[in-house]
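# Structural characterization, general
Letter by letter, the chains look like this.
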Amino acid sequence: QVQLVESGGGLVQPGGSLTLSCTASGSIININAMGWYRQAPGKERELVAFITTAGSTANYAESVKGRFTISRDNAANTVYLQMNDLKPEDTAVYYCHANTITTPYNYWGQGTLVTL
């Protein structure tokens, strides 16, 4: 089992910045990638960014490229999402996600709200 705890959401002005954190615990050895998804009111959950365990590969949704940066601190079992130049359309609940090599393969955090 993997547990994910997020922090860092809140209210921010357009153009502002915010950093989300997600700390994993439990069977972290089975994690091969971590990332962030978001779900805006009335919309489906979408991938924002993910990064592999080695931290060598990061991918972003087109809508956040150049504005968001995902990174990880393996020693702290934490992944970060640095969000710059935030826009009203970034308003959503942001969920941390971990992909594991064992079932159930997907774990989710409880979500943290970002409001513009």
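See the structure shown above.
Let us look at the structure shown here. (Residues numbered from 1 in each chain as written. Predicted model: local features only at pLDDT ≥ 70, side-chain atom pairs only at ≥ 80, totals over all residues. Heavy atoms only, no water.)

### Topic: the pattern of salt bridges
Should their charged atoms come close, side chains of opposite charge can pair. Formally: In the sections that follow, a salt bridge refers to a side-chain nitrogen of Lys or Arg positioned within 4 Å of a carboxyl oxygen of Asp or Glu. Numbering of helices and strands runs from the N terminus, with a helix taken as a DSSP run of H or I at least four residues long and a strand as a DSSP run of E at least two residues long. Any residue under 20% of the maximum accessible area for its type is buried, any over 50% is exposed, and the rest in between are partly exposed; the area is computed with a 1.4 Å probe on protein chains only.
Per the stated rule, a full pass over the model turns up four salt bridges. For R38, the salt bridge goes to D90, with nearest N and O atoms at 2.9 Å. Of the two residues, R38 sits in strand β4 (residues 31-39) while D90 sits in the loop between β8 (78-83) and β9 (92-100), which places them 52 residues apart along the sequence. Among the residues examined, R38 registers a relative accessible area of 6% and is labelled buried. A relative accessible area of 0% means that D90 is categorised as buried.

### Focus on the pairing of strand β1 (residues 2-7)
Strand residues, when the strand is regular, have side chains that alternate between the two faces of the sheet. Under the convention used in this document: A strand pair is defined by DSSP finding two or more bridges across the two strands.
Residues of β1 alternate between two faces, with V2, L4 and E6 buried on one and Q3, V5 and S7 left unburied on the opposite face. Here six bridges tie β1 to strand β3 (residues 18-26), and the two strands are oriented antiparallel to one another. Opposite Q3, over in β3, you have S25 as the bridge partner.

### Concerning the state of the cysteines
Put simply, the rule is: Note on disulfides: each one is a pair of cysteine sulfur atoms within 2.5 Å.
If you walk through the whole model with that rule in mind, you get one disulfide. Disulfide partner of C22: C96, at an S-S distance of 2.0 Å. Negative torsions about the S-S bond denote left-handed disulfides, and the value of about -85 degrees found for C22 with C96 makes this one left-handed. Taken as a pair, C22 in strand β3 and C96 in strand β9 lie far apart in primary sequence, 74 residues in all. Residue classification places C96 among the buried residues on the basis of a relative accessible area of 0%.

### Concerning the pairing of β9
Within β9, seven of the nine residues are buried, which leaves it mostly tucked inside the rest of the structure. Pairing of β9 with strand β11 (residues 112-115) involves three bridges; the strand directions are antiparallel. Opposite V93, over in β11, you have L113 as the bridge partner. Of the strand pairs in this sheet, β9 and strand β10 (residues 106-108) are connected by three bridges, and their pairing is antiparallel. Its bridge partner being in β10, H97 is matched across the sheet by W108. Connecting the antiparallel pair β9 and β10 is a turn made up of five residues, with Y105 showing a positive phi of about 75 degrees.

### Focus on the packing of aromatic side chains
The condition that has to hold: For Phe, Tyr and Trp, rings pair up if their centres lie within 6.5 Å, where Trp contributes its six-membered ring, and each pair is then called stacked (planes under 30 degrees apart), edge-to-face (over 60) or tilted (otherwise). Distance and angle both matter: a charge sits over a ring if NZ of Lys or CZ of Arg is within 6 Å of the ring centre and within 35 degrees of the ring normal.
Scanning the model with the defined rule gives one aromatic pair in all. Ring centres of Y37 and W108 lie 4.9 Å apart, and the angle between their planes is 70 degrees; on these two criteria the pair is classed as edge-to-face. Residue Y37 is located in strand β4, and its partner W108 is located in strand β10; the two are separated by 71 residues in the primary sequence. The class of W108 is partly exposed, set by a relative accessible area of 37%. The ring of Y95 is capped by R45, whose NZ or CZ atom sits 3.7 Å from the centre of that ring. The lysine or arginine in question, R45, covers the ring of W108, its NZ or CZ lying 4.6 Å from the ring centre.

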